[in-house]
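Chain by chain, the residues:
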Amino acid sequence: MTAAAEGEGGAAPAARTPGGTAWRAAVLLVLAVGLIAGGSALGSELVGHDVRLGMVAAVPAAVCVGVPTMLWLRARQGHIAAPLLGTLLAVLSGANLLHDHRSVYAGHALHLIRTGSAVYEESLLAAGAVVALAAVLVAAVDGHRHPRAD
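Note that the coordinates shown come from a computational prediction; the quantities given were computed from them, not determined experimentally. (Residues numbered from 1 in each chain as written. Predicted model: local features only at pLDDT ≥ 70, side-chain atom pairs only at ≥ 80, totals over all residues. Heavy atoms only, no water.)

1. Observations concerning the nonpolar core
- Core analysis: the largest hydrophobic core is formed by nine residues, namely Ala25, Leu28, Ala32, Val65, Leu73, Ala75, Val136, Ala139 and Ala140.
- Those elements that provide at least two residues to this core are helix H2 (18-47) and helix H5 (116-145).
- Counting residues in each nonpolar core, the second largest holds eight residues, with Ile36, Ala58, Ala61 and Ala129 among its members. (Core = buried A, V, L, I, M, F, W, Y, C linked by side-chain atoms within 4.5 Å. Buried < 20%, exposed > 50% of the residue type's maximum accessible area, 1.4 Å probe, protein only. Helix = DSSP H or I, 4+ residues; strand = E, 2+ residues; numbered from the N terminus.)

Printed below as a string of structure tokens:
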């Protein structure tokens, strides 16, 4: 391979097997779900003091999903936005849902309730989680097909 074919940054990144990409994506999906749940639980404790404190739990969770999506899955820089914003939305709405409606999770079971604000928060939680998880899958496929050169 010539230097012109490799680009100015040096050697092209080594090819990754589909199995390697799949397990990295699976680990990141599990991490995203765990961070959304954990961030929502922590944020629900902080939201009682001030609603803005929900960001204390949401930002680290979003960064811990968005940055590995770009770096570990070797996706291009544009793929950081959707997992980051989806995780932020999911954690913030989950924190408010758990704080405002403590009966949602009672007796180790999830109970969906039908008040206006609860439906709104449930919808935002679902939308944020779907966006974050789908974006991780899209980034995994794109990072496998067109790996980002470091």
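Continuing now.
2. Concerning the pattern of salt bridges
- According to the stated counting rule, one finds two salt bridges in the structure shown.
- Two residues, Arg76 and Asp142, come together in a salt bridge whose shortest N-O distance is 2.5 Å. With Arg76 in the loop between helix H3 (54-71) and helix H4 (81-100) and Asp142 in helix H5, this residue pair connects regions lying 66 residues apart in the sequence.
- Using a relative accessible area of 41% as the deciding quantity, one classes Arg76 as partly exposed.
- Residue class for Asp142 comes out buried when judged on its relative accessible area of 11%. (Salt bridge = Lys/Arg side-chain N within 4 Å of Asp/Glu carboxyl O.)

3. With respect to a nonpolar patch on the surface
- Among the surface-exposed residues, Trp23, Val27 and Trp72 lie close enough to one another that they form a single nonpolar patch of about 280 Å² accessible area.
- Within the fold, Trp72 resides in the loop between H3 and H4. (Patch = residues over 30% accessible without salt bridge, like charges linked within 9 Å, V, L, I, M, F, W, Y side chains within 5 Å. Areas by Shrake-Rupley, 256 points an atom, 1.4 Å probe, with all protein chains shown as cover.)

4. Some words on the environment of Ala32
- Considering the arrangement of structural elements, one finds Ala32 in helix H2.
- Overall, the relative accessible area of 0% leaves Ala32 in the buried class.

5. Focus on the side chain of Thr21
- Among the secondary structure elements, Thr21 is positioned in helix H2.
- You can call Thr21 buried: its relative accessible area is 9%.
- Setting aside its immediate chain neighbours within four residues, Thr21 contacts Arg16, Ala140 and His144. (Contact = heavy atoms within 4.5 Å.)

6. So, the packing of H2 against H3
- Where H2 meets H3, the axes come as close as 7 Å, and the angle between the chain directions of the two elements is 170°. One finds that H2 runs roughly antiparallel with respect to H3. Facing H2, whose interface residues are Leu28, Leu31, Ala32, Leu35, Gly39, Leu42, Gly43, Leu46 and Val47, H3 presents Gly54, Val56, Ala57, Ala61, Cys64, Val65, Pro68 and Thr69.
- A per-class count over the contact of H2 with H3 returns 13 nonpolar, four polar and no charged. (Axes fitted to C-alpha atoms, helices over the stretch in contact; angles between N-to-C directions. Parallel < 35°, antiparallel > 145°, perpendicular 65-115°, else oblique. Nonpolar A, V, L, I, M, F, W, Y, C, P; charged D, E, K, R; others polar.)

7. Let's talk about the packing of aromatic side chains
- Applying the stated rule across the entire model yields one aromatic pair.
- Here the aromatic rings of Trp23 and Trp72 are separated by 5.4 Å at their centres, their planes lie at 80°, and the arrangement is edge-to-face. One end of the pair, Trp23, is in helix H2; the other, Trp72, is in the loop between H3 and H4, with 49 residues separating them in the sequence.
- Given the relative accessible area of 30%, Trp72 is considered partly exposed. (Phe/Tyr/Trp six-rings, centres within 6.5 Å; stacked < 30°, edge-to-face > 60°.)

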